[in-house]
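# Tertiary structure, described
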Amino acid sequence: MILIRAKRAYTSTIPERTLSRLAYTAPAMKHTRIACLLSLVSFYSAAVLAQNSFSVGTATAAAGQKATGTLEVPAGVDAAASIPVAVVRGNKPGPVLALVSGAHGTEYASIIALEKVIQTLDPAQVSGTVVILPLVNIASFEQKVPHVNPIDGKSMNRFYPGKQDGTQTERVSYAITKQVVERCDYLVDYHGGDIDENLRPYSYWPKSGDAKHDAITRDMVLAFGLDHVIVWSDRPKDPAASRYLDNTANTRGKPAIAVEAGYSGTVQTDDVAMLVNGTLSLMRYLKMLPGAPTMVERPVWLGKVDTVASDQPGIFYPLVQRGTYVETGMKIGYVTDYFGKTIYEAHAPAAGVVLYICGVPSMKKGDTVANIGEITTNP
Ligand SMILES: [Zn+2]
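What counts and how
Residue numbers here run from 1 along each chain, matching the order of that chain's written sequence. In view of the model being predicted, local features appear only for residues whose pLDDT reaches at least 70, and side-chain atom pairs are presented and counted only at 80 or more, with totals across whole chains, interfaces and linings using the full set of residues. Think of the side-chain values as coming from all heavy atoms in the structure, minus any hydrogens and water. Helix numbering and strand numbering both begin at the N terminus, where a helix is a DSSP run of H or I of at least 4 residues and a strand a DSSP run of E of at least 2. Only protein chains enter the accessibility calculation, which uses a 1.4 Å probe. A residue is then buried if its area is under 20% of the maximum for its type, exposed if over 50%, and partly exposed in between. Contacts between residues were defined by any pair of non-hydrogen atoms, one from each residue, lying within 4.5 Å. Working definition of accessibility: Shrake-Rupley area with a 1.4 Å probe, residue cover restricted to the visible protein chains. Note on ring pairs: Phe, Tyr and Trp rings are taken, using the six-membered ring of Trp, and paired if centres are within 6.5 Å. Classes follow the plane angle, with under 30 degrees stacked, over 60 edge-to-face and the rest tilted. Working rule: Lys NZ or Arg CZ, within 6 Å of ring centre, within 35 degrees of ring normal, means a charge sits over the ring. Only nitrogen, oxygen and sulfur atoms within 2.8 Å of the metal, or 3.2 Å for Na, K and Ca, are treated as donors, and water is left out, so sites may look incomplete. Every angle between 85 and 135 degrees makes a four-donor site tetrahedral, while opposite donors more than 155 degrees apart, with all other angles between 65 and 115, make a four-donor site square planar and a six-donor site octahedral; other sites are irregular. When a carboxyl oxygen of Asp or Glu lies within 4 Å of a side-chain nitrogen of Lys or Arg, that pair is called a salt bridge. Two strands make a pair as long as DSSP finds a minimum of two bridges between them. Residues belong to a common nonpolar core when they are buried Ala, Val, Leu, Ile, Met, Phe, Trp, Tyr or Cys residues joined through side-chain atoms within 4.5 Å.

A few words now on the overall build of the protein chain. For the protein chain, the count of helices and strands is eight helices and 19 strands. Scored against the burial criterion, the 379 residues of the protein chain give a buried share of 49%. For the protein chain, contacts bridging at least 24 residues in sequence account for 70% of all contacts bridging at least 6. Accessible surface, the protein chain as shown: approximately 17,300 Å² in total, 57% of it carbon and sulfur.

This structure, assessed with the given rule, holds seven aromatic pairs. One aromatic cluster is present, built from ring pairs that chain together Y202, Y204, W232 and Y244. One Lys or Arg, R235, reaches over the ring of W232 and ends 3.7 Å from the middle of that ring.

Before going further, it helps to examine the side chain of Q168. Following the sequence through the fold, Q168 ends up in helix α5 (residues 168-179). Classification of Q168 as buried rests on a relative accessible area of 6%. When near neighbours in sequence (up to four residues on either side) are disregarded, Q168 contacts D78, A79, A80, A81, N149, I151 and D152.

Before going further, it helps to examine the coordination of the zinc ion. Within the protein, the atoms that donate to the zinc ion are H104 (ND1), E107 (OE), E107 (OE) and H191 (ND1), at distances of 2.0 to 2.4 Å. What the four donor atoms of the zinc ion show is an angle range of 57 to 152° at the metal, which sorts the shape as irregular. Each donor residue of the zinc ion belongs to the same chain, and together they define the spacing H-x2-E-x83-H. One end of the pair, E107, is in the loop between β5 (92-101) and α3 (108-120); the other, H191, is in strand β7 (residues 186-191), with 84 residues separating them in the sequence.

This paragraph deals with the pattern of salt bridges. Opposite charge on two side chains lets them pair, provided their charged atoms get close. On inspection of all chains with the given rule, the structure shows ten salt bridges. The salt bridge involving E170 is made with K163; its shortest N-O contact spans 3.9 Å. For K163, a relative accessible area of 43% gives the class partly exposed. Here R200 ties to D227 by a salt bridge, and the two come within 2.8 Å at their closest N and O atoms. A residue pair is termed long-range when its members are at least 10 positions apart, and R200 in the loop between β8 (197-199) and β9 (202-206) and D227 in the loop between α6 (211-224) and β10 (228-232) qualify at 27 residues. What makes R200 buried here is its relative accessible area of 16%. What you see here is one network of salt bridges that share partners, running through K154, K163 and E170.

This paragraph deals with the pairing of strand β11 (residues 256-260). In terms of burial, β11 is a largely internal element, five of the five residues being buried. Where β7 meets β11, five bridges bridge the pair, whose relative direction is parallel. The partner of L187 across the bridge, within β11, is A256. Direction of pairing for β9 relative to β11: antiparallel, over a ladder of three bridges. Bridge pairing in β11 places Y204 opposite A258.

Turning our eyes to something else, we now look at the sheet that holds strand β18 (residues 362-363). Reading across the sheet, the four strands line up as β16-β15-β13-β18 and stay open at both edges, with antiparallel pairing between neighbours. Each edge of the open sheet carries a strand with a single partner, namely β16 (342-347) and β18. Across five bridges, strand β15 (residues 331-336) lies against β16 in antiparallel orientation. For Y334, the partnering residue across the bridge sits in β16 and is E345.

The subject of this paragraph is the nonpolar core. What tends to happen in soluble globular proteins is that the nonpolar side chains get buried as a cluster. Formed by 39 residues in total, the largest nonpolar core has its most connected members in L99, V130, I132, V188 and F224. At six residues, the largest contribution of residues to this core is made by helix α8 (residues 269-285). If near-sequence neighbours (up to four positions away) are discounted, F224 is found in contact with V188, Y190, I257, V259, M274, L275, G278, T279 and L282. By size, the runner-up hydrophobic cluster in this structure holds 30 residues, among which are V96, M156, I176 and C184.

Note that all results are geometric; they support no functional claim without further evidence.
Below, the structure is given as structure tokens:
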């Protein structure tokens, strides 16, 4: 709905402008020819601009331009949302690449990375168009609330493809599906360890079973360059129930990956650099930037992820770091009551790498203690 409105608003400006110029110049007979000529030139350049420009929300970039604006999601059962969007329109033709971060507004490194990408990209160097949404969940960011959108208590990466008449998370998801996913050719969704997640960087390869599509997404994760890759093959296949953003794109035939770097509320230079450089390398793979991509030659493929959850509330003490390689049965942390008595011990259910471990002492029953990735070969 928003997409249609934005398009109408844009195209209608051309005849209106031309008509008003004609009306203004009509009484001055001796200037009519020049006025008509000027109007034609104006009409022609506006038409060329319309042809070559790309709009998302209020951001309209002509060829060779970078534009910023907002994706306006009207109020419904709860408040309206205004999501920042940047469009970088290259001088040369090429695909449309969508980059989205901040669905979880306190996964800071991923948000700062896309802020940097907006500043870094030079439209004169780009072939095609890059649509960047650096911060989807503004309320989470501003209020420092992890995991969910505090407006409706929902995760902003679980309700795709969204609902036009749902709560804010669902309406935002719907707008992104219509205005970004359906209009892009490729997509990257950026995440990281949230405030309570001590996470090592990794990406997801969504293996769908479609050999042609999988070959592209496999190359995309290798070009992005994170050296640990989770093979995620049991994702929803139904486009109407895609849940995740990358899955929403993949189920609509647009190759998409998800990447994660950053942890525990920090913005580390290495994490940000990894995400920025990964984006530029991926753009080289897609031939949207000159030069060759840097592909990971031998990534650590992770075929299965085991979640260890606490069966007790209390105070959590980790015994391993993010990225530690653990053996089956290894004690990775424990929980005490509020007097220091151990009431729960966490053990690795399988050998693998600690993708993330709880980074704060707060623990309630059922919370994730750690995610452990089991290594696989030749996925
Ligand atoms: Zn996230």
